[in-house]
Amino acid sequence: MGDLAKEINSKFANNKQKALVNIMFTGNWISSCQNEFFKPYGISPQQYNILRILRGAGEALNVQVIKERMIERAPNATRLMDKLCAKELIERLPCANDRRVVKIAITEKGLKLLASVPDDFNKDLIKNLTEEEAEQLSLLLDKMR
């Protein structure tokens, strides 16, 4: 197991400060691991999240709905969707009644890509935690928010 103080060569005024820095440090570590994992698939973790949202919805969604459901509410969600469109993983469907409204749908190619990604790809990130510890961590993070 790691020791944050040693890893970042720092001392902390109290345990709350250490916990907050540890959360930020761990979040960055998780992002880095996920970025590396998704490279062979040609997508980012945020793009994967968009594809999962669309697959789970089972229907085309407004861009705003997708943004609201994203884990990481990126201000660049439109740019992420532009890249997914260019890769033909999603498609834009203009509304017949209102040209300002555009819905986003996952394509067959997007569904095939999702099917190729293992469901348990994050399991190695929490392999050092027992089920009980994972539950406790989740409860503590919920309490923090």
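For every chain, the first residue of the written sequence is number 1, and numbering continues from 1 onward in sequence order. Where local features are concerned, this predicted model is filtered to residues with pLDDT of at least 70; where side-chain atom pairs are given and counted, the filter is 80 or more; whole-chain, interface and lining totals use all residues. Just so you know, side-chain values use all the structure's heavy atoms and leave hydrogens and water out.

Labelled according to an unreviewed UniProt entry, the protein chain appears under the name MarR family transcriptional regulator, originating from Aestuariibaculum suncheonense.

Caption draft 1: Structural context of the state of the cysteines. Any two cysteine sulfur atoms lying within 2.5 Å of each other are counted as a disulfide. Inspection of the entire model under this criterion finds 0 disulfides. The cysteine Cys 85 is free of any disulfide, with Cys 95 supplying the nearest cysteine sulfur at 17 Å.

Caption draft 2: Quick look at the pairing of strand β3 (residues 102-106). Following DSSP output, two strands are said to pair if at least two bridges run between them. Here a strand is any run of E in DSSP of at least two residues, a helix any run of H or I of at least four, and the numbering for each starts at the N terminus. Summarising the sheet, strand β1 (residues 61-62) and β3 pair through 2 bridges and their orientation is antiparallel. Each residue of the ladder has a partner; that of Asn 62, found in β3, is Lys 103. Relative to β3, strand β2 (residues 90-94) runs antiparallel, the two being bridged by 5 bridges. Of the residues in β3, the one forming a bridge with Leu 93 is Lys 103.

Caption draft 3: View of the side chain of Asn 49. As for its placement among the helices and strands, Asn 49 is situated in helix α3 (residues 45-57). The buried label goes to any residue with under 20% of its type's maximum accessible area, the exposed label to any with over 50%, and the partly exposed label to all in between, with areas taken from a 1.4 Å probe on protein chains only. Here Asn 49 falls in the buried class, since its relative accessible area comes to 12%. Contacts were defined at the residue level, with two residues in contact if any of their heavy atoms lie within 4.5 Å. Ignoring sequence-local partners within four residues, the contact set of Asn 49 consists of Met 70, Ile 71 and Glu 72.

Caption draft 4: Molecular detail of the confidence of the model for the protein chain. Values of pLDDT, ranging from 0 to 100, describe the predictor's confidence in every residue of the model. Residues with a pLDDT of 70 or more make up 94% of the protein chain, whose mean pLDDT is 89. Of all the helices and strands in the protein chain, helix α1 (residues 4-7) carries the lowest mean pLDDT, 64, while helix α6 (residues 108-116) carries the highest, 97.

Caption draft 5: Highlighting the pattern of salt bridges. When a carboxyl oxygen of Asp or Glu lies within 4 Å of a side-chain nitrogen of Lys or Arg, that pair is called a salt bridge. By the definition in use, this model includes 5 salt bridges. We note a salt bridge from Lys 39 to Glu 36, for which the minimum N-O separation is 2.9 Å. Among the salt bridges present, the one from Arg 145 reaches Asp 142, with a minimum N-O distance of 2.6 Å.

Caption draft 6: The arrangement of unusual backbone geometry in detail. At Glu 88, a residue that is not glycine, the phi angle is positive and equals roughly 60 degrees. Structurally, Glu 88 can be placed in the loop between α5 (77-86) and β2. The exposure class of Glu 88 is exposed, given its relative accessible area of 52%.

Caption draft 7: The arrangement of the nonpolar core in detail. Among the buried residues, those of types Ala, Val, Leu, Ile, Met, Phe, Trp, Tyr and Cys that are joined through side-chain atoms within 4.5 Å form a nonpolar core. One finds Ile 43, Ile 50, Leu 51, Leu 54, Ile 66 and Ile 90 to be the most contacted residues of the largest nonpolar core, which totals 24 residues. Contributing elements (two or more residues each) for this core: α3, α5, β3 and α6. With sequence-adjacent residues up to four places away left out, Ile 66 is seen in contact with Ile 50, Ile 53, Leu 54, Leu 61, Met 81 and Ile 104.

Caption draft 8: Structural detail: the sheet that holds β3. Here 3 strands make up an open sheet; going across it, the order is β1-β3-β2 and the pairing antiparallel. Every other strand in the sheet has two partners, leaving β1 and β2 as the edge strands with one partner each. Contacts between α3 and the sheet are confined to β1, β2 and β3, with β3 contributing the most and set at about 90 degrees to the helix. Inter-axis angles, ranging from 0 to 180 degrees, are taken between N-to-C directions of lines fitted to C-alpha atoms, where helices are fitted over the stretch in contact.

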